[in-house]
Amino acid sequence: MTIRLHDTLTRALEPLHPRDPKRVGMYVCGPTVYDFAHVGNARPVVVFDVLFRLLRHVYGEGHVVYVRNVTDVDDKINAAARANGEPIRALTERTLAQYHADMDALGALRPTHEPRATESIAGMIRIIERLIGAGNAYAADGHVLFSVPSFAEYGQLSRRNRDEMIAGARVDVAPYKRDPADFVLWKPSPDDIPGWDSPWGRGRPGWHIECSAMSEATLGPVFDIHGGGIDLVFPHHENEIAQSVCAHGGTRTETHFARHWVHNGFVMVNGEKMSKSLGNFWTVRQLLEDGIPGEAIRLALLKTHYRQPLDLTDERITEARADLDRFYGALRRTPPEGEGAIDGGFLAALEDDLNTPAAIDLHLKRQLALVNEGRAGASAGLVAMGGLLGLLQQSPEAWFKGADAGGDAEIDALVAARVAARKARDFAEADRIRKQLADQGVVLEDTPQGTLWRRAG
RNA sequence: GGCGCGGUGGCCGAAUGGCUAGGCACCGGACUGCAAAUCCGUUUAUCCCGGUUCGAUUCCGGGCCGCGCCUCCA
């Protein structure tokens, strides 16, 4: 079966036919590194990680190139560094390291390439020069601007026309723009702001140009999938298309740039949109520090289809933890042996526009039932299927007992004492110990193979 | 104001022009020294108003509500 993905360009499900099945290319817009990643940043990372895993499964591990950029030059970065009184480079390095740690905790694989904007300036300048040469851009007042009227297809992705945008504009039009819709490719930098020498003087790139340059450098002018959050459709991806298509001497998006556009929906928290003024920003780091396992956050994100709006709530996270308790509980009682087989229905659900809710609640849960039933090979299948979702890859002991081994020996001793009490049919003592452990958040489970324990969330 | 997305049972959440996923929770039962885990069983739905149709939750129109974007917010 072919993978089908919803394409923002056509607003319909489109079969994925890679240009080269030996080299499937995917570009996803990455973080601007000035602050901790919040759950809204985490959703595209997890969603496209699942797509990456699916593509690797279908086309082979070595045949998928996944690129996620790092935006390390940006006016928000400059402002944050100034506010912190720290060098820009220190801020971006520290934030990127934290980003990596957080995304690792969510079980996201590292992309094949992670180009940085600051290391891609030369490529940006080359594209800007090409655009000027082709009549799609012009220098004015130290800036270089993209001429939107020069690109007839402009607005196709977001389905806007220029009249509507001008009517709705809420920002004053800069005097050096020939057309109100024109956007900045390059802008001058004063001495106290990062800048690079260019044919137009010392300056820095506009926001959109970096992705045009980095995707071209890593994937070539035309590649298969471009992804990101739905809020990037306009203006970022619209402008990126204009730049890249025109720089590649073309007119049509799907023949001169990304062939499929995939966008994930917005995230809300406990029924409200996240905002700094409401003080309800859920950073991944904070959730982890609150003791919520990254895998539970990941599962909570994947239990909603990626294009749907997602309301992340405390209850959803609790439910995801309970799900994982069941999965890992079954794997603990029935350890997997050998290579697992991936259920056809499960794979078909993922190939059908990444239907992770169906894959999880229908197929993965059914596989869990098979494990509990004692079906041969079911455990290995469960782990293999989980692997496509980036789930169930740790040992059950690690899941239940946590990385923190402190206190394990003490618990083991109490469990042993209770086992002895039960053997002596001293149930009062056995129950006393159970209660004592329960008060510590430790839940016991007597099985034919012995007594197991776990730390409850 | 313009453009776009969404509104399914207590909660979550797919799918679909008719054959009415699934999960979680709840309740009942089995099992268990007691639990936990597991298994079995019961219950609840398609925002409102029109239209098309033999038949709509699904298609079309209108309304209400929530959300996003409208030049640098994932």
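What you see is a predicted model; the values in this text were computed from it and never measured.

## Some points on the side chain of Glu 295
Tracing the backbone shows Glu 295 in helix α10 (residues 294-302). One buried charge, Glu 295, has no salt-bridge partner; the nearest side chain with opposite charge is Arg 298, at 7.2 Å. Excluding anything up to four places from it in sequence, Glu 295 contacts Ala 105, Leu 324, Tyr 328, Leu 391, Leu 392, Gln 393, Gln 394 and Trp 399.

## Section: a nonpolar patch on the surface
A surface patch of nonpolar side chains, amounting to about 270 Å² of accessible area, comprises Ile 230, Phe 266 and Met 268. Relative to the elements of secondary structure, Met 268 occurs in strand β11 (residues 267-269).

## So, the packing of aromatic side chains
In this structure the tally under the stated criterion is seven aromatic pairs. With a centroid separation of 4.9 Å and an interplanar angle of 50°, the aromatic rings of Phe 52 and Tyr 66 are classed as tilted. Here Tyr 66 lies in strand β4 (residues 64-68) and Phe 52 lies in helix α1 (residues 39-59), a separation of 14 residues in the sequence. Summarising the aromatic geometry, the rings of Phe 223 and Phe 257 are spaced 5.4 Å apart at their centres and angled 85° between planes, so their arrangement reads as edge-to-face. With Phe 223 in strand β9 (residues 223-229) and Phe 257 in the loop between α8 (253-256) and β10 (258-264), the pair connects residues that are 34 residues apart, well separated along the chain. With a relative accessible area of 0%, Phe 257 lands in the buried category.

## Here we look at helix α7 (residues 233-247)
Each α-helix winds once per 3.6 residues, and so residues spaced three or four apart point in a common direction. Between its terminal C-alpha atoms α7 stretches 20 Å, which fits the 21 Å expected from 15 residues at 1.5 Å a residue. Counting buried positions along α7 yields 13 of 15 residues, so the element is predominantly enclosed. A positive phi of about 70° marks Gly 249, the residue just after α7.

## Some details on the sheet that holds strand β5 (residues 137-140)
Read from one edge to the other, the open sheet built from four strands follows the order β5-β6-β7-β8, with strand pairing classed as antiparallel. Sheet topology places β5 and β8 (203-205) at the edges, where each strand pairs with a single neighbour. Strand-to-strand twist of the sheet, defined as the mean angle between neighbouring strand axes without regard to direction, takes the value 20°. Relative to strand β7 (residues 183-188), strand β6 (residues 143-146) runs antiparallel, the two being bridged by three bridges. Each bridged residue has a counterpart across the sheet, and for Leu 145 the counterpart in β7 is Val 184.

## Describing the layout of surface pockets
The computed volume of the largest pocket comes to approximately 1,100 Å³. Tyr 34, His 38, Gly 40, Asn 41 and Asp 231 are, among the 43 residues lining the largest pocket, the residues nearest its centre. Elements that contribute at least two residues to the lining of the largest pocket include exactly α1, β4, α3 (88-105), α6 (209-219), β9 and α7. It is α1 that contributes the most residues to the lining of the largest pocket, four residues altogether.

## Side note on empty space enclosed by the protein
Enumeration according to the criterion identifies one cavity of 30 Å³ or more in this entry. Approximately 30 Å³ is the volume attributed to the largest cavity. Lining of the largest cavity is provided by Val 47, Val 50, Leu 301, Leu 302, Thr 304, Tyr 306, Leu 354 and Thr 356. If you list the elements that add at least two residues to the lining of the largest cavity, you get α1 and α10. Considered class by class, the residues forming the lining of the largest cavity number six nonpolar, two polar and no charged.

## Remarks on the sheet that holds β4
What holds strands together in a sheet is hydrogen bonding between their backbones, with the strands either parallel or antiparallel. Strands sit in the order β4-β3-β9-β10 across an open sheet of four strands; the sheet is parallel. A single partner strand is all that each edge strand has here, and the edge strands are β4 and β10. Ignoring strand direction, the axes of neighbouring strands in this sheet form an average angle of 20°. Where strand β3 (residues 24-28) meets β9, three bridges bridge the pair, whose relative direction is parallel. Bridging across to β9, Val 28 finds its partner in Gly 227. Those strands touched by α7 are β3, β9 and β10, and its axis lies near 160° from that of β9.

## Concerning the side chain of Asp 353
Within the secondary structure layout, Asp 353 lies in the loop between α12 (344-351) and α13 (356-373). There is a polar contact of 2.9 Å between the side chain of Asp 353 and the backbone nitrogen of His 6. A distance of 2.5 Å separates the side chain of Asp 353 from the side chain of Tyr 306, its partner in a polar contact. Contact partners of Asp 353, with chain neighbours within four places excluded, come to Arg 4, Leu 5, His 6, Leu 13, His 305, Tyr 306 and Arg 307.

## Overview of the protein's contact with RNA strand B
Among the 52 residues in the neighbourhood of RNA strand B, the closest are listed as Lys 76, Lys 273, Asp 361, Lys 365 and Asp 431. Close to the protein, within 4 Å, the atoms of RNA strand B are drawn from sugar and phosphate at a rate of 66%. With respect to RNA strand B, the backbone of Pro 180 contributes an N or O atom lying 3.0 Å from a base oxygen. Thr 304 places a side-chain nitrogen or oxygen 2.9 Å from a phosphate oxygen of RNA strand B. Of all the elements, α13 adds the most residues to the surface near RNA strand B, at six residues. When its residues are assigned to classes, the surface near RNA strand B shows 16 nonpolar, twelve polar and 24 charged.

## Observations regarding unusual backbone geometry
Along the chain, Phe 234 connects to Pro 235 via a cis peptide bond; the corresponding omega equals 0°. One can find Pro 235 in helix α7. Despite not being glycine, Arg 11 shows a phi value in the positive range, around 55°. Mapping Arg 11 onto the fold places it in the loop between β1 (4-7) and β2 (12-15). According to the relative accessible area criterion, Arg 11 is partly exposed, its value standing at 38%.

Procedures and definitions
Residues numbered from 1 in each chain as written. Chains lettered and ligands numbered in written order. Predicted model: local features only at pLDDT ≥ 70, side-chain atom pairs only at ≥ 80, totals over all residues. Heavy atoms only, no water. Helix = DSSP H or I, 4+ residues; strand = E, 2+ residues; numbered from the N terminus. Buried < 20%, exposed > 50% of the residue type's maximum accessible area, 1.4 Å probe, protein only. Lys, Arg positive; Asp, Glu negative; His and termini not counted. Salt bridge = Lys/Arg side-chain N within 4 Å of Asp/Glu carboxyl O. Contact = heavy atoms within 4.5 Å. Patch = residues over 30% accessible without salt bridge, like charges linked within 9 Å, V, L, I, M, F, W, Y side chains within 5 Å. Areas by Shrake-Rupley, 256 points an atom, 1.4 Å probe, with all protein chains shown as cover. Phe/Tyr/Trp six-rings, centres within 6.5 Å; stacked < 30°, edge-to-face > 60°. Expected span 1.5 Å × (residues − 1). Pairing = 2+ DSSP bridges. Axes fitted to C-alpha atoms, helices over the stretch in contact; angles between N-to-C directions. 1 Å grid on protein atoms, 1.4 Å probe; cavity = no way out; pocket = protein on both sides within 12 Å on 5 of 7 lines; lining within 4 Å. Points joined across faces, edges and corners; volume = space filled by probe spheres on them. Nonpolar A, V, L, I, M, F, W, Y, C, P; charged D, E, K, R; others polar. Polar contact = N/O pair within 3.5 Å; in protein donor to acceptor, adjacent residues only side chain to side chain. Near = heavy atom within 4 Å.

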